[in-house]
Amino acid sequence: ARPFTFLNAMGAARQIVRESGPLALWRGNGATMMRIMPHAGIVYLCYDRYNSALKSLAPSESHVRIRFMAGAMAGATATAITYPLDLMRARMAIDMTRDGSRYAS
């Protein structure tokens, strides 16, 4: 595999556009959004709840540490819940045929 460079990325983009058209640059974006949107929503929902719970459990603890822990816990919760969606996205990416006709998003 070639190392990542800006020139290699531009070459890959030109090849994708040449072979499949400009919309091919966004192929798979729908599947990615199916994972990212719930993930962000779960983080948003859980953070305040974890933050409040941690403040009541350890009122003398630093606010920075509590916010850090609440963020970590919210991220871990969201990842655990949305992992199956990420697995589906990855399998769709692997299963795509060369011309990308198998899955459309």
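These figures come from a predicted structure and were not determined experimentally.

### With respect to the overall build of the protein chain
Here is step 1 of the chain: For the protein chain, the helix and strand inventory stands at three helices and zero strands.
Here is step 2 of the chain: Its C-alpha radius of gyration of 20 Å places the protein chain more than 25% over the 13 Å reference for a compact globule of 105 residues.
Here is step 3 of the chain: Each principal axis of the C-alpha distribution contributes one length, and for the protein chain these read about 60 × 30 × 20 Å.
Here is step 4 of the chain: Considering only contacts in the protein chain between residues 6 or more positions apart, those separated by 24 or more positions represent 60%.
Here is step 5 of the chain: Between the centroid of the 13 positive side chains of the protein chain and the centroid of its 6 negative side chains there is a distance of 4 Å.

### Re the pattern of salt bridges
Here is step 1 of the chain: Under the counting rule described, the total for this entry stands at two salt bridges.
Here is step 2 of the chain: For Asp86, the salt bridge identified is with Arg35, shortest N-O distance 3.2 Å. Residue Asp86 is found in helix α3 (residues 63–95), and its partner Arg35 is found in helix α2 (residues 29–57); the two are separated by 51 residues along the sequence.
Here is step 3 of the chain: With relative accessibility at 22%, the residue Asp86 sits in the partly exposed group.
Here is step 4 of the chain: For Arg35, a relative accessible area of 22% corresponds to the partly exposed category.
Here is step 5 of the chain: Between Glu61 and Arg65 there is a salt bridge, with its nearest N and O atoms 3.0 Å apart.
Here is step 6 of the chain: Of the residues examined, Glu61 reaches a relative accessible area of 30% and is grouped as partly exposed.

### Observations concerning the side chain of Thr82
Here is step 1 of the chain: Position of Thr82 relative to the elements: it lies in helix α3.
Here is step 2 of the chain: We classify Thr82 as buried; its relative accessible area is 3%.
Here is step 3 of the chain: Here the side chain of Thr82 touches Ala78 through a polar contact of 2.7 Å, landing on its backbone oxygen.
Here is step 4 of the chain: Not counting residues within four places of it along the chain, the set of residues in contact with Thr82 comprises Arg35, Pro38, His39 and Ile42.

### Quick notes on the packing of α2 against α3
Here is step 1 of the chain: One way to put it is that α2 packs onto α3 with a least axis distance of 7 Å and a crossing angle of 155°. One element, α2, and the other, α3, form an angle in the roughly antiparallel class. Between α2 and α3 lies a crossing of right-handed hand.
Here is step 2 of the chain: A breakdown of the residues in the contact of α2 with α3 according to their chemical character gives 18 nonpolar, nine polar and five charged.

### Quick notes on the environment of Ile94
Here is step 1 of the chain: Tracing the backbone shows Ile94 in helix α3.
Here is step 2 of the chain: With 90 residues separating them along the chain, Ile94 and Phe4 place their C-alpha atoms 20 Å apart.

Definitions and cut-offs
Residues numbered from 1 in each chain as written. Predicted model: local features only at pLDDT ≥ 70, side-chain atom pairs only at ≥ 80, totals over all residues. Heavy atoms only, no water. Helix = DSSP H or I, 4+ residues; strand = E, 2+ residues; numbered from the N terminus. Rg over C-alpha atoms; globule rule 2.2 N^0.38 Å. Contact = heavy atoms within 4.5 Å. Lys, Arg positive; Asp, Glu negative; His and termini not counted. Charge placed at Lys NZ, Arg CZ, Asp CG, Glu CD. Salt bridge = Lys/Arg side-chain N within 4 Å of Asp/Glu carboxyl O. Buried < 20%, exposed > 50% of the residue type's maximum accessible area, 1.4 Å probe, protein only. Polar contact = N/O pair within 3.5 Å; in protein donor to acceptor, adjacent residues only side chain to side chain. Axes fitted to C-alpha atoms, helices over the stretch in contact; angles between N-to-C directions. Parallel < 35°, antiparallel > 145°, perpendicular 65-115°, else oblique. Left-handed = near helix turned anticlockwise from the far one by under 90°. Nonpolar A, V, L, I, M, F, W, Y, C, P; charged D, E, K, R; others polar.

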